[in-house]
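Per-entry structural report
Each chain, letter by letter, is given below.
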Amino acid sequence: MKDVIAVLKEQRAELLNNVARIDAAIAALGGVKPGRAAASGTAERTPRKRRKMSADAKKAVSERMKNYWAERRRQAAEATEAGGEE
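Residues numbered from 1 in each chain as written. Predicted model: local features only at pLDDT ≥ 70, side-chain atom pairs only at ≥ 80, totals over all residues. Heavy atoms only, no water.

In terms of helices and strands, the protein chain carries 2 helices and 0 strands. The buried share among the 86 residues of the protein chain stands at 1%. Roughly 8400 Å² of accessible area belongs to the protein chain as shown, and the carbon and sulfur atoms make up 57% of that amount. (Helix = DSSP H or I, 4+ residues; strand = E, 2+ residues; numbered from the N terminus. Buried < 20%, exposed > 50% of the residue type's maximum accessible area, 1.4 Å probe, protein only. Areas by Shrake-Rupley, 256 points an atom, 1.4 Å probe, with all protein chains shown as cover.)

And the structure:
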């Protein structure tokens, strides 16, 4: 059992060394700063560009959503009425 643990520790040290070398290579290429893991969400991100919506597009979305919710309310009312008639 001690031999297995020793081998695992050796492999872990080798992997950590590889990660350090990869981080250094990325940093040398101008990527992520050393010591920062890209997967952790702490990497620098470019700001997200937002699309602008025209007034006509906003109005169209508004009308669609009003119709959608009106239909939902109508269906709920019908379901309530149908449930009470039994």
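Right, picking up where we left off after that structure.
It is worth spelling out helix 1 (residues 2–28) at this point. The end-to-end C-alpha separation of helix 1 is 39 Å, in line with the 39 Å expected for 27 residues at 1.5 Å each. Residue G30 follows helix 1 closely and has a positive phi angle near 90 degrees. (Expected span 1.5 Å × (residues − 1).)

One pass over the structure, following the stated rule, counts 2 salt bridges. In this structure, the salt-bridge partner of R74 is E78, at a minimum N-O distance of 2.3 Å. Here the residue R74 and the residue E78 both occupy positions in helix 2 (residues 55–84), the gap between them amounting to 4 residues, near one helical turn. Each of E71, R74 and E78 takes part in one network of salt bridges that share partners. (Salt bridge = Lys/Arg side-chain N within 4 Å of Asp/Glu carboxyl O.)

In this section: a nonpolar patch on the surface. Where nonpolar side chains cluster on the molecular surface, the patch consists of M53, V61, M65, Y68 and W69 and spans about 470 Å² of accessible area. Along the chain, M53 turns up in the loop between helix 1 and helix 2. (Patch = residues over 30% accessible without salt bridge, like charges linked within 9 Å, V, L, I, M, F, W, Y side chains within 5 Å.)

Let's shift gears to the packing of aromatic side chains. This model, assessed by the stated rule, comprises 1 aromatic pair. Between Y68 and W69, the aromatic rings sit 4.9 Å apart at their centres with planes inclined by 80 degrees, giving edge-to-face as the arrangement. Y68 gets classed as partly exposed once you look at its relative accessible area, which sits at 39%. (Phe/Tyr/Trp six-rings, centres within 6.5 Å; stacked < 30°, edge-to-face > 60°.)

Keep in mind that these numbers describe shape and distance, not what the molecule does.
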